[in-house]
Number of protein chains: 2
Amino acid sequence: MVFDEPLQLASGTAFGPYQLTVETYGTLNAERSNAVLVCHALNASHHVAGVAADDPSDIGWWDNMVGPGKPLDTDRFFVIGVNNLGSCFGSTGPASIDPSTQRPYGAAFPVVTVEDWVHAQARVADRLGIRRFAAIMGGSLGGMQALSWAVTYPDRLAHCIVIASTPRLSAQNIAFNEVARRAIITDPEFHGGDFYAHGTVPRNGLSVARMIGHITYLSGEDMAEKFGRAQREPSADGAFRYGYDVEFEVESYLRYQGEKFSRYFDANTYLLITRALDYFDPAKRTGGDLAKALAPAQAEFLLASFTTDWRFPPSCSREIVQALLRNHRPVTYAEIEAPHGHDAFLLDDSRYHAVVRGYYERIARQLGLGEGSAP
Amino acid sequence: MVFDEPLQLASGTAFGPYQLTVETYGTLNAERSNAVLVCHALNASHHVAGVAADDPSDIGWWDNMVGPGKPLDTDRFFVIGVNNLGSCFGSTGPASIDPSTQRPYGAAFPVVTVEDWVHAQARVADRLGIRRFAAIMGGSLGGMQALSWAVTYPDRLAHCIVIASTPRLSAQNIAFNEVARRAIITDPEFHGGDFYAHGTVPRNGLSVARMIGHITYLSGEDMAEKFGRAQREPSADGAFRYGYDVEFEVESYLRYQGEKFSRYFDANTYLLITRALDYFDPAKRTGGDLAKALAPAQAEFLLASFTTDWRFPPSCSREIVQALLRNHRPVTYAEIEAPHGHDAFLLDDSRYHAVVRGYYERIARQLGLGEGSAP
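Note on numbering: residues in each chain are counted from 1, in written sequence order. Each chain gets a letter, beginning with A, and each ligand a number, beginning with 1, in the order they are written. It should be noted that, the model being predicted, local features are given only for residues of pLDDT at least 70 and side-chain atom pairs only at 80 or more, the latter also being counted only at that level, while totals for whole chains, interfaces and linings use all residues. With hydrogens and water set aside, each side-chain value is computed from the structure's full complement of heavy atoms.

**Q** When you look at the overall build of chain A in this model, what are you seeing that I'm missing?
**A** Strands here are runs of E lasting at least two residues and helices are runs of H or I lasting at least four, both read from the DSSP assignment and numbered beginning at the N terminus. In terms of regular secondary structure, chain A is built from 11 helices and 17 strands. In terms of overall dimensions, chain A is globule-like: its C-alpha atoms have a radius of gyration of 21 Å, near the 21 Å expected for 375 residues. Within chain A, contacts between residues separated by at least 24 positions form 71% of all contacts whose residues are at least 6 apart in sequence. Accessible surface, chain A: about 13,800 Å² in total, of which carbon and sulfur atoms supply 50%. In this charge count, Lys and Arg are treated as positive and Asp and Glu as negative; neither His nor the chain ends contribute. We put the charge of a Lys on NZ, of an Arg on CZ, of an Asp on CG and of a Glu on CD. Side-chain charges in chain A split into 33 positive and 43 negative, and the spacing between the mean points of these groups amounts to 5 Å. Throughout, radius of gyration means the C-alpha value; the globule benchmark is 2.2 Å times the number of residues raised to the power 0.38. Contacts are assigned to residue pairs with any non-hydrogen atoms lying within 4.5 Å of each other. Note that accessible areas follow from Shrake-Rupley with a 1.4 Å probe, and for residues the cover is restricted to the protein chains shown.

**Q** What is the right way to look at the side chain of Arg182 of chain A in this model?
**A** Within the fold, Arg182 of chain A resides in helix α3 (residues 171–185). Under the scheme applied here, a residue whose accessible area is under 20% of the maximum for its type counts as buried, over 50% as exposed, and between as partly exposed, the area being computed with a 1.4 Å probe on protein chains only. Salt bridges, as used here, are contacts in which a Lys or Arg side-chain nitrogen is within 4 Å of a carboxyl oxygen on Asp or Glu. Here Arg182 of chain A sits buried without a salt bridge, and the closest side chain of opposite charge, Glu178 of chain A, lies 4.4 Å off (N-O distance). Once residues lying within four places of it in the same chain are set aside, the contact partners of Arg182 of chain A are Val208, Met211 and Arg255 of chain B.

**Q** Would you explain the UniProt feature "active site" (unreviewed entry) in chain A in this entry?
**A** Residue and element names in this part refer to chain A. Taking the numbering used here, the UniProt-annotated feature "active site" (unreviewed entry) corresponds to Ser140, Asp309 and His342. Across 203 residues in sequence, these annotated residues keep their C-alpha atoms within 10.7 Å of one another, forming a single compact spot. Of note, Ser140 is situated in the loop between β14 (133–139) and α2 (141–152). Ser140 has contacts with Ala41, Ile163, Ala164, Ser165, Phe312, His342 and Phe345, leaving out every residue within four places of it along the chain. As for its placement among the helices and strands, His342 is situated in the loop between β17 (331–336) and α11 (350–366). Excluding residues within four positions of it along the chain, His342 makes contact with Ser140, Ala164, Thr216, Tyr217, Asp309, Arg311 and Phe312. UniProt positions are given in the numbering used here, feature names are shortened, and annotations may be inferred rather than shown by experiment.

**Q** In this structure, what is going on with the domain arrangement of chain A? I would like to understand it.
**A** How big an interface is tends to be reported as the loss of accessible area on association of its parts. All names here are of chain A. When the domains of chain A are assigned, the result is domain 1 (2–168 + 282–367) and domain 2 (173–222 + 253–274). The distance between the C-alpha centroids of domain 1 and domain 2 comes to 23 Å. Taking both partners together, domain 1 and domain 2 bury about 2,200 Å²; carbon and sulfur atoms supply 62% of that area. When the buried surface of domain 1 facing domain 2 is broken down by residue, Leu42, Trp310 and Arg311 rank first, second and third, together holding 30% of it. Any N or O atom pair separated by 3.5 Å or less is treated as a polar contact, with the protein-specific requirement of one donor-capable and one acceptor-capable atom, and with residues adjacent in sequence counted only for side-chain atom pairs. If you look at where domain 1 meets domain 2, you find 10 residue pairs in polar contact (both at pLDDT 80 or more). Charged residues are taken to be Asp, Glu, Lys and Arg, nonpolar residues to be Ala, Val, Leu, Ile, Met, Phe, Trp, Tyr, Cys and Pro, and polar residues to be all remaining types, Gly included. When the residues that make up the side of domain 1 that touches domain 2 are grouped by side-chain class, the tally is 17 nonpolar, 8 polar and 2 charged. Segmentation into domains, and thus their bounds, comes from an automatic or database assignment. Buried area: the accessible area, evaluated with a 1.4 Å probe, that two parts lose upon being put together, summed over both parts.

**Q** Sorry if this is basic, but what is going on with empty space enclosed by the protein here?
**A** To locate leftover empty space, one rolls a probe as large as a water molecule over the atoms. A pocket here means an open set of points on a 1 Å grid, computed over the protein atoms alone, that has protein on both sides within 12 Å along at least five of seven lines. A cavity is instead a set of points where a 1.4 Å probe fits but cannot get out; residues with an atom within 4 Å of a point line either one. Grid points are joined across faces, edges and corners, and a volume is the space filled by probe spheres set on the points. Going through the model one piece at a time under the given rule, you end up with 6 cavities of 30 Å³ or more. Approximately 140 Å³ is the volume found for the largest cavity. What lines the largest cavity is a set of 14 residues, among which Ala183, Thr186 and Asp187 of chain A together with Ala183 and Thr186 of chain B lie closest to the centre. Among the elements of the structure, α5 (203–217) of chain A together with α5 (203–217) of chain B are those that each provide at least two residues to the lining of the largest cavity. Among the residues forming the lining of the largest cavity, the class breakdown is 6 nonpolar, 6 polar and 2 charged. Estimated volume of the second largest cavity: approximately 60 Å³. Taken together, Leu42, Phe176, Asn177, Ala180, Ala209, Ile212, Gly213, Thr216, Tyr217, Tyr270 and Arg311 of chain B make up the lining of the second largest cavity. For the lining of the second largest cavity, the secondary structure elements donating two or more residues are α3 (171–185) and α5 of chain B.

**Q** Got a minute to help me understand the pairing of strand β6 (residues 35–39) of chain B in this structure?
**A** The side chains of a regular strand alternate, first on one face of the sheet and then on the other. Residues and elements named next belong to chain B. With 5 of 5 residues buried, β6 is to be regarded as a mostly interior element. Two strands are counted as paired when DSSP detects at least two bridges linking them. Bridge count between β6 and strand β14 (residues 133–139): 4 bridges; the pairing is parallel. Bridge pairing in β14 links Cys39 to Gly138.

**Q** What is the right way to look at the sheet that holds strand β15 (residues 157–163) of chain A in this model?
**A** Whenever strands of a sheet pair, they do so through backbone hydrogen bonds, lying parallel or antiparallel. Residues and elements named next belong to chain A. The 7 strands are arranged β5-β11-β6-β14-β15-β16-β17 in an open sheet whose pairing can be described as mixed. Only two strands of the sheet have a single neighbouring strand rather than two, namely β5 (22–25) and β17. Put simply, the sheet's adjacent strands are angled 15° from each other on average, direction ignored. For helices, the fitted axis covers only the stretch in contact; all axes are lines through C-alpha atoms, and the angles between them, taken along N-to-C directions, range from 0 to 180 degrees.

**Q** Quick question: what am I supposed to make of the interface of chain A and chain B here?
**A** Taken together, the contact between chain A and chain B spans 55 residues of the former and 55 residues of the latter. Summing both partners gives a buried area of about 4,700 Å² for chain A against chain B, and 67% of it is carried by carbon and sulfur. Three residues stand out in chain A for area buried against chain B, namely Arg229, Tyr242 and Tyr244 of chain A, and they jointly supply 18% of the buried area on that side. Linking chain A with chain B are 8 salt bridges. Of the charged contacts in the structure, one is a salt bridge between Arg275 of chain A and Glu251 of chain B, with a shortest N-O distance of 2.6 Å. Taken together, the elements giving at least two residues each to the side of chain A that touches chain B come down to α3, α5, α6 (220–226), α7 (249–264) and α8 (267–279) of chain A. Examining the composition of the side of chain A that touches chain B, we find that 11 residues originate from one element, α3 of chain A, more than from any other.

**Q** Would you mind going over the relation of the copies chain A and chain B with me for this structure?
**A** Note: a rotation about an axis with an accompanying shift along it relates these two copies of the chain. With an axial shift of 0.0 Å and an RMSD of 0.0 Å, the rotation relating chain A to chain B amounts to 180°. This pairing of chains is accounted for by a two-fold axis. What sets the superposition is a least-squares fit of C-alpha atoms, and only residues with pLDDT of at least 70 in both copies go into it.

**Q** Mind showing me how you'd approach the UniProt feature "site: Important for acyl-CoA specificity" (unreviewed entry) in chain A here?
**A** Residues and elements named next belong to chain A. UniProt marks Arg311 with the feature "site: Important for acyl-CoA specificity" (unreviewed entry), using the numbering shown here. By the secondary structure assignment, Arg311 is in the loop between β16 (300–306) and α10 (314–326). Using a relative accessible area of 8% as the deciding quantity, one classes Arg311 as buried. Residues contacting Arg311, with those up to four places away along its chain left out, are Asn173, Asn177, Thr216, Tyr217, Leu277 and His342. For Arg311, the side chain forms a polar contact with the side chain of Thr216, separated by 3.1 Å.

**Q** Help me out: how do you make sense of the nonpolar core in this one?
**A** A general tendency of soluble globular proteins is for nonpolar side chains to be buried together. Buried Ala, Val, Leu, Ile, Met, Phe, Trp, Tyr and Cys residues that are joined via side-chain atoms within 4.5 Å together make up what is termed a nonpolar core. Residues Trp62 and Ile163 of chain A together with Ile163 of chain B are the most contacted members of the largest nonpolar core, which totals 249 residues. Residues contacting Trp62 of chain A, with those up to four places away along its chain left out, are Val38, Val48, Met137, Gly138, Gly139, Ile163, Phe345, Leu346 and Tyr352 of chain A.

**Q** For this particular structure, what's the right way to read the sheet that holds strand β11 (residues 78–82) of chain B?
**A** All names here are of chain B. The 7 strands are arranged β5-β11-β6-β14-β15-β16-β17 in an open sheet whose pairing can be described as mixed. Among the strands making up the open sheet, the edge pair consists of β5 (22–25) and β17 (331–336). Each adjacent strand pair in this sheet contributes to an overall mean axis angle of 15°, direction not counted. The pairing of β5 with β11 spans 4 bridges and is classified as antiparallel. Note on β11: the bridge partner recorded for Thr24 is Ile80.

**Q** How should the pattern of salt bridges be read in this particular structure?
**A** Any two side chains of opposite charge can pair, on the condition that their charged atoms come close. In this structure the tally under the stated criterion is 42 salt bridges over all chains. Here Arg156 of chain B ties to Asp126 of chain B by a salt bridge, and the two come within 2.8 Å at their closest N and O atoms. Remark: Asp126 of chain B occurs in helix α1 (residues 114–127) and Arg156 of chain B occurs in the loop between α2 (141–152) and β15 (157–163); sequence separation between them is 30 residues. Look at Asp126 of chain B and you get partly exposed, because its relative accessible area is 46%. What you see here is one network of salt bridges that share partners, running through Glu178, Arg181, Arg275 and Asp278 of chain A together with Glu251 and Arg255 of chain B.

**Q** Mind showing me how you'd approach the pairing of β15 of chain B here?
**A** Residues and elements named next belong to chain B. Here β15 lies mainly inside the structure; 7 of its 7 residues are buried. As paired strands, β14 and β15 are joined by 6 bridges and run parallel to one another. When the sheet's bridge partners are listed, Ile136 is paired in β15 with Cys160. On the question of chirality, the crossover connecting β14 to the parallel β15 by way of α2 is right-handed. Inspection of the sheet shows β15 paired to strand β16 (residues 300–306) by 5 bridges, in the parallel sense. In the sheet register, His159 faces β16, and the bridge partner there is Glu300. Whether a crossover is right-handed comes down to one check: with the strands pointing away from the viewer, does the path from the first strand over the helix to the second run clockwise; if it does, it is right-handed.

So this is what it looks like as structure tokens:
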């Protein structure tokens, strides 16, 4: 979708024209009452579910959650995925050509915020003729967008589903983001953000950034279970090789993840998205009072968190729950015992999926959407 | 101290000649029974206590613990600090001149292990005429050296004091070390470890490495308390600046720490010491059975851990305690409630210091060293 009218950003910039890549699943009903917006986190996109037409290996990032007969059942709901402004999967971002210079935006691309994304998504909804969503849903940074929707456009969503998220980043969260950004920015191939013009990619920095991020997505327990101190290619007697090449499995895994990421993700987008995370803080406007910040919300809420998530631990979700309860909002909250850290929100955990499935059943009944297919 | 005879390293290399920088405090008694070896962690040195003769701002890294009237009282004990082989504070390390090439060792410097350091320290003790230490003490990586002493030279120490340490790094610990190493190794100024010859220093990589490390030394609670989401130089209305320069206090702090570290620490030493951490695992020889690995120990033990230390949490110390108890070793264990994460072992916490002071009182009584000065 191309938008000619500039978008007013939190930073003060009016940005446009721009395009957003949008993918939809299922059918919008005649009453236009069954639409669900799914918001993506750091490295995901509009491609929420199913298999890409041009690449059978390109499965949607939340395919275990969204699809026919799945917890968010596309036989009943019309699901929309939007690649956010500034991302690198088809929507206008730092690597896109700036029409005013005919060169990639690079460092000139504006900083965007969660609220900016929400406004951009509202325009997508307008374009699709959706006045009010049955639900807006997201995990992690996606959950921030759902929460922001609930206070920015309170009458445009019936339900708000916020998973493994937080009302604001902690100092430690910001610290990890900052180290990742420093790794990118100090990579000589970054060229102050204008690496496209130099024909380079700051792959080393991007790779280190991803490795740092990856450690924070997994729980210590999970890493212990998956890798422990297993050696990569131990000699017959198990002796170490005494060098700085890969010695342990966990090193090999992390290097691979960093390497892979650096081949498909845009470095400026990484800066931009981590900064949007840092800046998110709806209670900043209300002197730190989260209940006051969430007072405009009219939706019903589902929140879920995971016990071993140390990036956005359950206490963060509980804080949102308590602020909503202080506003007498109907809230369902599930704290899922799961070993997989922050990444758990993307995984197929039966208890977690049962909670989400049950919640969508309730939405469907409430909106009179009829029975879904059995799982 | 210069050692001409090569040291046989775990890697198989016989390394030498080499020198170790040694600093001592207090007086060795006639019976040579009051010597305490203090082992250092990642970025510390032989300069344990007091003020450097040539620089009044250069205070020893454990000066709150070691000195006249302090928990480790140098009026009673003869304390020895040794800068470990491969470090960069006067002992032979990667930046030293290799006599066989007349150029800095660089990438040619061998990987060393905790056990290698222990053997090198034993030679220092021999040189000083110390057959048996009253105690060997260390925190974090220093604690690993103390523990290794207890099983490598069981009859050469009466007491072993292991603080905020672990019997082995977890997968997550190794992962953080590996990311830090990648940041250094992929810095173009690193030149495969031979940056000295190129007249460069991989300061960006070293700085990122230190920032990562630093996050793991502090607790999340501590960072929240110290920095929270405080902005560095907020505008009058507190608005963000919407950019990638320092916006939050925690970013400024981390950048400063990284910057400072990159000016005085050697990049190859950083690799070497993190690798020594990774490799430490006394139970590797005994099929993972820590009790069996610690069976040779004859010392009495003090272990201490800190509740908010998520790098080497109390469970790591408890595992050592249990393995020692299975060997019927006398063990004192203190789990200190302290907010400062792993760094707590370096800080002046009254309960922690009282435990160490009391333990040294007991050692002094046991060895008939007489009364110390009142604190």
